[in-house]
Amino acid sequence: MPENRQLLLRRRPSAALSQKDVEIVSNATPSLKDGQFLVKNLYASVDPTHRIWMSEDDQYLAPVDLDAPMRAMTYGVVEESKNPSFPVGAHVLGMGGIQHYYVGDPAADPGLTVAKEIEGLPNTAWLSVCSVIIGLTAWVGVNEICKPKQGETFVVSAGAGAVGSLAGQLAKLRGARVIGFVGSKEKADWIVNELGFDGAINYKTDDMLTRLKHLAPNGVDSYFDNTGGPSTEAVLRCFNNNARIALCGIISGYNTGDFALKNFQMLLHRRVNLQGFICLDHLDKYEQALAELIPLVKDKKIKYLEDIQTGIDNYPDVVNMLFEGSNKGKLMLKF
Ligand SMILES: NC(=O)c1ccc[n+]([C@@H]2O[C@H](COP(=O)([O-])OP(=O)(O)OC[C@H]3O[C@@H](n4cnc5c(N)ncnc54)[C@H](OP(=O)(O)O)[C@@H]3O)[C@@H](O)[C@H]2O)c1
């Protein structure tokens, strides 16, 4: 059996993830029982939610156990199989974790799926624009919650990120005026000049409220929130009556545990409808979302970036890229 290298969570981080919180170990892969198959991981999705899963706080899934391999969605290839539905050579999507190999067992994990090639797209698209965590998330937040209409103003935080850049482009295709918060001039230029957003706000350098009022003179009708924090506080001051918020993420608080928000009272005064949502609750819409997204990507009406880093030893630094804003598009780890 091949040797497995696994990244174990040894300690719960109290701030940004450090090398001391994890350890790489090697051991033999177990022999297979009937119905099981051995997957060699090729790519892992590295997501802000990894930092949530490492904490002990009350959350939408169980926290990752200490001394267990770090949880992550992976794309891999079957190397050995005792399951005819997952033959040798098939590509598989699953919660394979930050480790080189895992044993797939559909009886214990019904979420394991064979990932067929998408003509014209790289296989990594299964972890980026075509994934549940990116593609479906953006699609649900825009179509089911924000529901932007022609001529309305739609704002998205982390607007150059994997989810945010997709959400902004979907809202634009629905005829909205689209404004994104970003953390650099380079990202501002990308969302305006390449993706067609109507404006960008640099939350690190701009006076956010002044700039938002300038870019959204008729007020904000819907907000796709990926960050919480000061960007959200500015948007709360600019809502029109009956605005909608798709609360997708609060990345500004994952490392610090500080989720406090000023201007909360504006939810009342502007009769705002806020809905938190988790992509895993919307799997019934995945096929519909893919049927819309894939042709848009192929026709270049939607653009996306993938940021592929290498090596599980670098996992802590790669996770921290999400919090420093140094990722350019969907962050992944190549094994
Ligand atoms: N609800 C769900 O089911 C679901 C699913 C997927 C993702 N999410 C959430 O969606 C958000 C985006 O995820 P993603 O995978 O697409 O990541 P991403 O946007 O590609 O990367 C994270 C980005 O967040 C920005 N950021 C980091 N710290 C920040 C801070 N303190 N204030 C403002 N912006 C900050 C950085 O961009 P800048 O350079 O612009 O600062 C960074 O590039 C996260 O909050 C994530 O938890 C939720």
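Residues numbered from 1 in each chain as written. Predicted model: local features only at pLDDT ≥ 70, side-chain atom pairs only at ≥ 80, totals over all residues. Heavy atoms only, no water.

Attention now moves to the overall build of the protein. Summing up its helical and strand segments, the protein has ten helices and 15 strands in all. For the protein, the C-alpha atoms occupy an extent of roughly 65 × 40 × 35 Å along the three principal directions. Taken over 335 residues, the protein has a buried fraction of 52%. Nonlocal contacts in the protein, meaning residues at least 24 apart in sequence, comprise 65% of its contacts between residues at least 6 apart. Mean positive and mean negative side-chain charge positions of the protein (34 and 38 charges, respectively) differ by 6 Å. (Helix = DSSP H or I, 4+ residues; strand = E, 2+ residues; numbered from the N terminus. Buried < 20%, exposed > 50% of the residue type's maximum accessible area, 1.4 Å probe, protein only. Contact = heavy atoms within 4.5 Å. Lys, Arg positive; Asp, Glu negative; His and termini not counted. Charge placed at Lys NZ, Arg CZ, Asp CG, Glu CD.)

Next up on the list: the UniProt feature "domain: Enoyl reductase (ER)" (unreviewed entry) in the protein. As recorded in UniProt, the sites labelled "domain: Enoyl reductase (ER)" (unreviewed entry) are residues 18-333. Secondary structure over residues 18-333 splits into 28% helix and 24% strand, and the C-alpha atoms at its two ends are 17 Å apart. (UniProt positions renumbered as here; feature names shortened; annotations may be inferred.)

Summed over all chains, the structure comprises four aromatic pairs. Between tyrosine 254 and phenylalanine 323 the ring centres are 6.5 Å apart and the planes differ by 70 degrees, which places this aromatic pair in the edge-to-face class. Of this pair, tyrosine 254 sits in helix H7 (residues 251-254) while phenylalanine 323 sits in helix H10 (residues 315-324); the two residues are 69 residues apart in sequence, bridging distant segments of the chain. Taking the relative accessible area as the measure of exposure, tyrosine 254 reaches 15% and is therefore buried. (Phe/Tyr/Trp six-rings, centres within 6.5 Å; stacked < 30°, edge-to-face > 60°.)

Take the side chain of asparagine 263 next. By the secondary structure assignment, asparagine 263 is in the loop between H7 and helix H8 (266-269). The class of asparagine 263 is buried, set by a relative accessible area of 17%. At 2.8 Å, the side chain of asparagine 263 and the backbone oxygen of glutamate 233 are in polar contact. Beyond its immediate sequence surroundings of up to four residues, asparagine 263 is in contact with Glu233, Leu236 and Arg237. (Polar contact = N/O pair within 3.5 Å; in protein donor to acceptor, adjacent residues only side chain to side chain.)

This part covers the packing of helix H3 (residues 162-173) against helix H9 (residues 286-298). A packed helix pair is summarised by two numbers, namely the angle formed by the two axes and the spacing between the axes. Axis separation between H3 and H9 bottoms out at 13 Å; the angle between their running directions is 90 degrees. What the angle tells us is that H3 and H9 run roughly perpendicular. Contacts between H3 and H9 involve Leu166, Leu170 and Leu173 from the former and Glu292, Leu293 and Leu296 from the latter. (Axes fitted to C-alpha atoms, helices over the stretch in contact; angles between N-to-C directions. Parallel < 35°, antiparallel > 145°, perpendicular 65-115°, else oblique.)

What follows concerns the packing of helix H2 (residues 132-146) against H3. Two numbers describe how H2 lies on H3: the axes approach to 9 Å, and their chain directions differ by 40 degrees. In terms of orientation, H2 and H3 fall into the oblique class. The crossing of H2 and H3 is right-handed. Only Ala162, Val163, Leu166, Ala167, Leu170 and Ala171 of H3 make contact with H2, whose side of the interface consists of Ile133, Ile134, Gly135, Thr137, Ala138, Trp139 and Val142. Here the contact of H2 with H3 is built from residues that sort into eleven nonpolar, two polar and no charged. (Left-handed = near helix turned anticlockwise from the far one by under 90°. Nonpolar A, V, L, I, M, F, W, Y, C, P; charged D, E, K, R; others polar.)

On to the side chain of threonine 74. Position of threonine 74 relative to the elements: it lies in strand S4 (residues 74-81). Polar contacts involving the side chain of threonine 74 include one to the main-chain amide nitrogen of glycine 96, which spans 3.3 Å. Filtering out sequence-adjacent residues up to four positions away, threonine 74 remains in contact with Asn41, Tyr43, Ala44, Val92, Leu93, Gly94, Gly96, Gly97, Tyr102, Leu127 and Phe335.

Here we come to the nonpolar core. In this structure, Trp126, Cys130, Phe154, Leu170, Ile191 and Phe224 are the most contacted members of the largest nonpolar core, which totals 50 residues. When contributions to this core are tallied by element, the ones reaching two or more residues are H2, strand S8 (153-156), H3, strand S9 (177-182), helix H4 (185-194) and H9. Among the elements that make up this core, the one with the highest residue count is H2 (nine residues). Both domain 1 (3-123 + 305-334) and domain 2 (132-280) contribute no fewer than three residues apiece to this core. One finds Val22, Trp53, Met54 and Tyr315 within the second-largest nonpolar core, a separate group that totals 21 residues. (Core = buried A, V, L, I, M, F, W, Y, C linked by side-chain atoms within 4.5 Å. Domains from an automatic or database assignment.)

Bringing the environment of aspartate 221 into the picture now. Checked against the element boundaries, aspartate 221 lands in strand S11 (residues 220-225). Taking the C-alpha atoms as reference, aspartate 221 lies 6.1 Å from phenylalanine 154; in sequence the two are 67 residues apart. Those residues within four positions of aspartate 221 in sequence are excluded, and the remaining contacts are Glu152, Thr153, Asn240, Ala243 and Arg244. Within the structure, aspartate 221 has its side chain in polar contact with the side chain of asparagine 240 (distance 3.0 Å).

Before going further, it helps to spend a moment on the site of the ligand. Near the ligand you find 27 residues, and of these Lys187, Tyr203, Asn226, Cys279 and Asn327 are the closest. One of the side-chain N or O atoms of tyrosine 203 is found 2.5 Å from an oxygen atom in the ligand. Take cysteine 279: an N or O atom from its main chain is 2.7 Å from an oxygen atom of the ligand. Calculation on the ligand without its partners gives an accessible area of 920 Å², and the protein chains cover 91% of this total. Breaking the shell around the ligand down by element, the ones donating at least two residues are H2, H3, H7 and H10. (Near = heavy atom within 4 Å. Areas by Shrake-Rupley, 256 points an atom, 1.4 Å probe, with all protein chains shown as cover.)

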